[in-house]
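Summary of the model geometry
As a plain string of letters, each chain reads:
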Number of protein chains: 2
Amino acid sequence: MRGILLSDGKVTYREDLPRPERTAGEALIRIHLAGICSTDLQLLRGYRPFHGIPGHEFVGTVVESDEPQWIGRRVVGEINVPCRQCDMCRKNMPTHCRNRAAIGITGRDGAMAEYLLLPSSNLHKVPESVSDEMAVFTEPLAAALQIMEQVHILPTSRVIILGDGRLGLLAAQVISLTGCETIAVGRHADKLAILEHRGIATTLDTHPFEGSADVVVECTGNPDGWRQARALVHPRGQIILKSTFADQTAVDMSRVVVDEITLIGSRCGPFAPALRLLARRLVDVLPLISQGFRLEEASLAFAHAASKGILKVLLRP
Amino acid sequence: MRGILLSDGKVTYREDLPRPERTAGEALIRIHLAGICSTDLQLLRGYRPFHGIPGHEFVGTVVESDEPQWIGRRVVGEINVPCRQCDMCRKNMPTHCRNRAAIGITGRDGAMAEYLLLPSSNLHKVPESVSDEMAVFTEPLAAALQIMEQVHILPTSRVIILGDGRLGLLAAQVISLTGCETIAVGRHADKLAILEHRGIATTLDTHPFEGSADVVVECTGNPDGWRQARALVHPRGQIILKSTFADQTAVDMSRVVVDEITLIGSRCGPFAPALRLLARRLVDVLPLISQGFRLEEASLAFAHAASKGILKVLLRP
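Here we summarise the structure given alongside this text. (Residues numbered from 1 in each chain as written. Chains lettered and ligands numbered in written order. Predicted model: local features only at pLDDT ≥ 70, side-chain atom pairs only at ≥ 80, totals over all residues. Heavy atoms only, no water.)

Our focus in this paragraph is the relation of the copies chain A and chain B. The operation relating chain A to chain B is a screw motion whose rotation component is 180°, with 0.0 Å of axial translation and a residual RMSD of 0.0 Å. The superposition of one copy onto the other is thereby described by a two-fold rotation axis. (Least-squares fit on C-alpha atoms with pLDDT ≥ 70 in both.)

Attention now moves to the interface of chain A and chain B. Opposite the 44 residues of chain A that make contact, chain B presents 44 residues. Summed over both partners, the interface of chain A with chain B buries about 3,600 Å², with 51% contributed by carbon and sulfur atoms. In terms of surface lost to chain B, no three residues of chain A exceed A:Met253, A:Val257 and A:Glu260, which account for 17% of the buried area on that side. Its salt-bridge partner being B:Asp214, residue A:Lys91 comes within 2.8 Å of it at the nearest N-O pair. The interface formed by chain A and chain B includes 23 residue pairs in polar contact (both at pLDDT 80 or more). (Contact = heavy atoms within 4.5 Å. Buried area = accessible area lost by both parts, 1.4 Å probe. Salt bridge = Lys/Arg side-chain N within 4 Å of Asp/Glu carboxyl O. Polar contact = N/O pair within 3.5 Å; in protein donor to acceptor, adjacent residues only side chain to side chain.)

All names here are of chain A. Per the stated rule, a full pass over the model turns up 1 cavity of 30 Å³ or more. As a volume, the largest cavity reaches approximately 60 Å³. If you trace the largest cavity, you find it lined by Glu78, Ile79, Asn80, Thr95, Glu139, Cys268, Gly269 and Phe271. Its residues placed into classes, the lining of the largest cavity shows 3 nonpolar, 3 polar and 2 charged. (1 Å grid on protein atoms, 1.4 Å probe; cavity = no way out; pocket = protein on both sides within 12 Å on 5 of 7 lines; lining within 4 Å. Points joined across faces, edges and corners; volume = space filled by probe spheres on them. Nonpolar A, V, L, I, M, F, W, Y, C, P; charged D, E, K, R; others polar.)

With that settled, consider the pairing of strand 4 (residues 57-64) of chain A. All names here are of chain A. Of all the 8 residues making up strand 4, 6 are buried; the element is thus mostly covered by neighbouring parts of the structure. Where strand 3 (residues 26-36) and strand 4 come together, 7 bridges link them in antiparallel fashion. Across the sheet, residue Leu33 finds its bridge partner in strand 4, namely Val59. (Buried < 20%, exposed > 50% of the residue type's maximum accessible area, 1.4 Å probe, protein only. Helix = DSSP H or I, 4+ residues; strand = E, 2+ residues; numbered from the N terminus. Pairing = 2+ DSSP bridges.)

Mapping A:Glu260 onto the fold places it in the loop between helix 8 (253-258) and strand 17 (262-265). For A:Glu260, the side chain forms a polar contact with the side chain of A:Arg236, separated by 3.0 Å.

For a regular strand, side-chain orientation follows a simple rule: the groups alternate between the two sheet faces. Residues and elements named next belong to chain A. Buried residues dominate strand 9 (residues 115-119), accounting for 5 of its 5 residues. Of the two faces of strand 9, the one holding Tyr115, Leu117 and Pro119 and the one holding Leu116 and Leu118 are both buried throughout. Note: strand 3 against strand 9, 5 bridges, orientation antiparallel. Bridge pairing in strand 9 places Ile29 opposite Leu116.

What the 12 strands build is an open sheet, ordered 13(A)-12(A)-11(A)-14(A)-15(A)-17(A)-17(B)-15(B)-14(B)-11(B)-12(B)-13(B); its pairing is mixed. Edge positions in the sheet fall to strand 13 (201-204) of chain A together with strand 13 (201-204) of chain B, since each has one partner strand and no second. Pairs of neighbouring strands in the sheet enclose a mean axial angle of 20°, with direction left out of account. Of the strand pairs in this sheet, strand 11 (residues 158-162) of chain B and strand 12 (residues 181-186) of chain B are connected by 5 bridges, and their pairing is parallel. Across the sheet, the residue bridging to B:Val159 is B:Thr182, located in strand 12 of chain B. Where helix 6 (residues 189-197) of chain A meets the sheet, it contacts strand 12 (181-186) and strand 13 of chain A, and its direction lies at approximately 170° from that of strand 13 of chain A. (Axes fitted to C-alpha atoms, helices over the stretch in contact; angles between N-to-C directions.)

Here the focus is the pattern of salt bridges. With the rule as written, the count across this model stands at 39 salt bridges over all chains. Taking the shortest distance from any N to any O, the salt bridge between A:Arg198 and A:Asp284 comes out at 3.6 Å. A residue pair is termed long-range when its members are at least 10 positions apart, and A:Arg198 in the loop between helix 6 and strand 13 and A:Asp284 in the loop between helix 9 (271-279) and strand 18 (289-294) qualify at 86 residues. Under the relative-accessibility criterion, A:Arg198 is labelled partly exposed at 34%. The shortest N-O distance in the salt bridge between B:Asp87 and B:Arg98 comes to 2.9 Å. Placement of B:Asp87 in helix 2 (residues 87-90) and of B:Arg98 in the loop between helix 2 and strand 7 (101-103) is noted, with a sequence separation of 11 residues between them.

Take unusual backbone geometry next. In this model, A:Asp8 sits at a positive phi of 50°, which is unusual for a non-glycine residue. Among the structural elements, A:Asp8 can be located in the loop between strand 1 (3-7) and strand 2 (10-14). Positive phi values are uncommon outside glycine, yet B:Arg281 reaches one of about 55°. Tracing the backbone through its elements, the reader meets B:Arg281 in the loop between helix 9 (271-279) and strand 18 (289-294).

Spatial relationships are all this shows, so hold off on functional conclusions.
In structure tokens, the structure reads:
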């Protein structure tokens, strides 16, 4: 089949990839669209070793499954494939499975190809009213919703979101649905305009910013985000960390103790509420699409996704 | 009056200190006993600038007050003196007051003297059944209880307490009252024996320790505690930070994100439940007393408190 191979820090378009062979419990999915995520860009830069087909944001149609109700269904899918045996799986935390694979990231091929294999227990049907272009945002929107799973944001809270990348724009939209005072801080007026358009307050971080907040969500994707978050959060406030990067961060733990700050790492989230919000048009994802490419244009697409100011880049097999 | 003065990194016994003059709302307290806390030792090492009478752990008797019901009462007192004006005070977080003084730490004289001034709103009556030697532990026991204010520890949780100093021994006792599986990890068999005596599991950290936990409480007082806590906590677990120290700590934020770890700084806690636990003998504090000194023996007392393996050192005016 046709697809993209990530290997030795390069992506290449290939036409000779084997079509994956289904085992019991798995569904074979024909991919309609796949998204390039910053994790994909980091894999390319060697954030962790991965050799295979990248891509964990997708929408497609099930073409083979043991369970007839899935055949022909348009689906999105959770990216972690747990072992269902380890202590974390037994504690009902499959996304933290000790032996997990994650499609396109570790241990399993991803979605940037004609076909993808995924256990059918990972699948979610996409409502008719949600287009492919919207559905491909289910995974990052679920990651934004994970904040709401972990932190009780009050209607009276003041929340600052740092970073106007894809995740920051989704997080700001989700958080603002609580009715709380939401301020998105970023570096790109055009990206922030997407939020302004929905009535969410934004500010460019080139301006001296004097605010402070009960909750700060760190989506900058760079190590400096921590310092900025720390400076903006109230005593007894919460910092949600969404960024992954290779470097260590120097933290003044004594100030964390004295100010009783809570710091919460946050990763993958729930798909079902993400699909509900998309179906109800409560989150605006289409303005986040920067450009679409064909699989054949793999190198070009990845280079485009990595360039400054670009939001979501989509790939179509 | 007689008292101890901390100045320029030294403690000296003085007989010429002015007896403090009471203003409206304040109580004058004759000190029965004061405790030396590791914060006092850190002030001596320059953790933050302080010139004055140290000491924030005390029990005494009110000798002057506007409010007659306090006169003659045996009391302990909360250490933070808030402004009651700032945003944190208005949010009902007086321990995080932007302009707070803390007796013996910042902006106000402490308890290592014959007399102490404190707003009567900071005072708590000591039940008759709680001796002076027990009551002087109210403040550190309240700090241990702050963990329970911040984190919902379940009866089915597994909790590891790192550090067998004063705070670690109090935290382990308080946490074990939930019925949860509690394991105290320390370096001193004699200190851990205090917990073993109450039926709490302990282990020397010189042994390779293979466990892991839902919650890890970091009370080691040294920067290496973070690494140990991080290695022991489950994915999606919580690390409670109780240690303050001058250095910055290098943190791998990406692993915090991927494992969705929550890190919670924890400082001063509630006095009323601490007194209730002391009155009911649910926490054993007397074995934590290493030695008592008179105020005149200030230098000796501080040197003793700073020496290896010593728990609580008390001062008697």
